[in-house]
Amino acid sequence: MGTLLRLFSTPPVATTCQIISSPTLSFHFPRAANDNNTPSRTSTHRRIHQSCKYGNFLDLKPESQSDELLDFDLSLFNPSDRSRFDVIIIGAGPAGIRLAEQVSCHGIKVCCVDPSPLSMWPNNYGVWVDEFVSLGLEDCLDKTWSMTGVCIDDHRTKYLDRPYGRVSRKKLKTKLMESCVSNGVKFHKAKVWKVNHDEFESSIICDDGNEIKASLIVDASGFRSTFIEYDKSRNHGYQIAHGILAEVESHPFDLDKMILMDWRDSHLGNEPYLRSNNSKTPTFLYAMPFDSNLVFLEETSLVSRPVLSYTEVKKRMVARLRHMGIRVKRVIEEEKCLIPMGGPLPRIPQSVMAIGGNSGIVHPSTGYMVARTMSLAPILAGAIVDCLGSTRMIRGRPLHHRVWNELWPLERRCIREFYSFGMETLLKLDLNGTRRFFDAFFDLSPYYWQGFLSSRLSLSELGMLSLSLFGHASSSSKLDIVTKCPVPLVKMMGHLALETL
Ligand SMILES: Cc1cc2nc3c(=O)[nH]c(=O)nc-3n(C[C@H](O)[C@H](O)[C@H](O)COP(=O)(O)OP(=O)(O)OC[C@H]3O[C@@H](n4cnc5c(N)ncnc54)[C@H](O)[C@@H]3O)c2cc1C
């Protein structure tokens, strides 16, 4: 990352007035609550590194490397204790800890293995507030915005009446870990190297040489997992983004609105090469304003295949911030986001169970996953408890069959095909097509667009959504749908037919 940060020449300077005078954005900013991992501005004022080149924030070194640890007494696995576990969970990310919490509260013996279980999660997670409210996790949001904005182009901005929130990684992890600790979950600080299976028992081999046995292994080690098998080629798309939590001199965002997507491209007016690429494979700005000087900014490619170059994403972001007159004084955190989306599900069933990034539950059209993981983990936990907690003692193949089908019952698989169809359609749209698509999408009844984004719609509701979307679409957007969707549509129908056979 360090070398990449220095790759850019200074883009041409643009004026700030276009954005500041935009009727779509206004300027009254109350102070927002600070995240616990955000240094207070008075205490860190000494450490400010001023950016010499106007707007080229890439010269600034991020200050926080997410090395903060949670302050907890974990109950650690004792290698000399030969007792067996019911479930081993590989990974202490949001998926692993949520599942550990949910399974252990039923008295199931769980061991969670991660090289650093007390580390703070590195990513900046955003969710719709209603999703966390329905899960009883609203106390784990550290900032909420009453509205979200979608800038379609220079002339049209849609304000969505659906509150959005930033997850407090610290609060969510602390809440889940506290339950794990009180439910007796053991933690082992190690990396899992290998998983072995006997007929009714499995084991893991860790990089410290320890072997731990359990009836079920659940892999929650994220997108880069090597323990989950696929029987189809993995033709997924990718979401790639560059994000910074930054102290800025000022910014043009209204503090009660987060910007979900800003598709404007006027910042590329003096950048013909970047502009023509952006017209083919567009990126948008995602912005969470915390106060008048603190903002999370992320230049995002919603989905691309092959993946858009990270360097290109960062160049576009430099040009955008400069054009918006956003001068970055400090980069407090930096994140590179790379999310595989869509593609086939893992082979169902298989001996290792999966949850989280490696299990196919990331939304194929948006890349969101946190709220969904929080809501699916209790369902998976229910199936595990039914098998391992019952006197029936279901083990081996019947156990694997049961848990995989609980996570991916037929209807959910079919619905995922529909979302993957959404992704394949987005992959075919250029900037103007994408703008027309979201213009029509956010004109749908909130029941549909909110349900789509939160994976809440049934298959028949998704069918209704498609008809309604077609009805709302402009004539050029209808043409896009008719000319660009048939191939993905036929593929989806083929996959649906295979699923239901
Ligand atoms: C930068 C970024 C931003 C994102 N933002 C959002 C967002 O705003 N909203 C949203 O809904 N989703 C978002 N996502 C998508 C998704 O929610 C996250 O990727 C999420 O962190 C996935 O959770 P997870 O628990 O599956 O995996 P991870 O968070 O990746 O956690 C995996 C854990 O497993 C451990 N591990 C890995 N290998 C091993 C091993 N061999 N042995 C033991 N432990 C191992 C790792 O150390 C890690 O602790 C984002 C993703 C990224 C990359």
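Residues numbered from 1 in each chain as written. Predicted model: local features only at pLDDT ≥ 70, side-chain atom pairs only at ≥ 80, totals over all residues.

- If you check an unreviewed UniProt entry, the protein chain appears there as Lycopene beta-cyclase from Xanthoceras sorbifolium.
- Under the UniProt heading Sequence similarities (unreviewed entry), the entry covering the protein chain gives this text: "Belongs to the lycopene cyclase family."
- In its Pathway (unreviewed entry) section, the UniProt record describing the protein chain reads: "Carotenoid biosynthesis." (UniProt positions renumbered as here; feature names shortened; annotations may be inferred.)

What to know about the nonpolar core
Link 1 in the chain: One finds Val87, Ile88 and Leu99 to be the most contacted residues of the largest nonpolar core, which totals 134 residues.
Link 2 in the chain: The contacts of Leu99, once residues within four sequence positions are left out, are Ile89, Val218, Ala220, Ile355, Ala377, Leu380 and Ala381. (Core = buried A, V, L, I, M, F, W, Y, C linked by C-beta atoms within 7 Å. Buried ≥ 20, exposed ≤ 12 C-beta atoms within 10 Å, placed from the backbone. Contact = placed C-beta atoms within 7 Å.)

Section: the site of the ligand
Link 1 in the chain: Neighbouring residues of the ligand: 29 residues in total, closest Gly91, Gly93, Ala95, Gly222 and Gly356.
Link 2 in the chain: Among the secondary structure elements, those contributing two or more residues to the shell around the ligand are α2 (94–104), β3 (126–128) and β16 (328–341).
Link 3 in the chain: Tallied by class, residues from the shell around the ligand come to 16 nonpolar, 10 polar and 3 charged.
Link 4 in the chain: When residues are assigned to domains, the shell around the ligand turns out to be shared by domain 1 (4–61 + 237–341) and domain 2 (85–121 + 167–230 + 349–408), each giving three or more. (Near = placed C-beta within 6 Å. Helix = DSSP H or I, 4+ residues; strand = E, 2+ residues; numbered from the N terminus. Nonpolar A, V, L, I, M, F, W, Y, C, P; charged D, E, K, R; others polar. Domains from an automatic or database assignment.)

A look at the sheet that holds strand β5 (residues 147–151)
Link 1 in the chain: Spatially, β6-β5-β13-β14-β15-β12-β16 is the arrangement adopted by the 7 strands of the open sheet, whose pairing is mixed. Unpaired on one side and paired on the other, β6 (157–160) and β16 mark the two borders of the sheet. With direction set aside, neighbouring strand axes in the sheet form an average angle of 20°.
Link 2 in the chain: The pairing of β5 with strand β13 (residues 257–262) spans 5 bridges and is parallel. What sits directly across from Thr148, in β13, is Met258.
Link 3 in the chain: With respect to the sheet, helix α9 (residues 410–428) is in contact with β12 (237–248), β15 (294–304) and β16, its orientation differing from that of β15 by roughly 95°. (Pairing = 2+ DSSP bridges. Axes fitted to C-alpha atoms, helices over the stretch in contact; angles between N-to-C directions.)

Brief notes about the pairing of strand β11 (residues 211–219)
Link 1 in the chain: With 7 of 9 residues buried, β11 is to be regarded as a mostly interior element.
Link 2 in the chain: Alignment of strand β1 (residues 85–90) against β11, held across 5 bridges, turns out to be parallel. Each residue of the ladder has a partner; that of Ile89, found in β11, is Val218.
Link 3 in the chain: Of the pairings in the sheet, the one linking strand β10 (residues 202–206) to β11 comprises 4 bridges and is antiparallel in character. Following the sheet pairing, Ser203 is matched in β11 by Lys213.
Link 4 in the chain: Counted between consecutive antiparallel strands, the loop separating β10 from β11 contains 4 residues, among which Gly209 sits at a positive phi close to 90°.
Link 5 in the chain: Note: β11 against strand β17 (residues 352–354), 3 bridges, orientation parallel. Bridging across to β17, Val218 finds its partner in Met353.

Some points on the packing of helix α10 (residues 431–441) against helix α13 (residues 475–484)
Link 1 in the chain: The geometry of α10 relative to α13 is characterised by a closest axis approach of 9 Å and an angle of 110° between their N-to-C directions. The pairing of α10 with α13 is recorded here as roughly perpendicular in orientation. Contacts between α10 and α13 involve Gly433, Arg436, Phe437 and Ala440 on the former and, on the latter, Ser476, Ser477 and Asp480.
Link 2 in the chain: Taken together, the residues of the contact of α10 with α13 break down into 2 nonpolar, 3 polar and 2 charged. (Parallel < 35°, antiparallel > 145°, perpendicular 65-115°, else oblique.)

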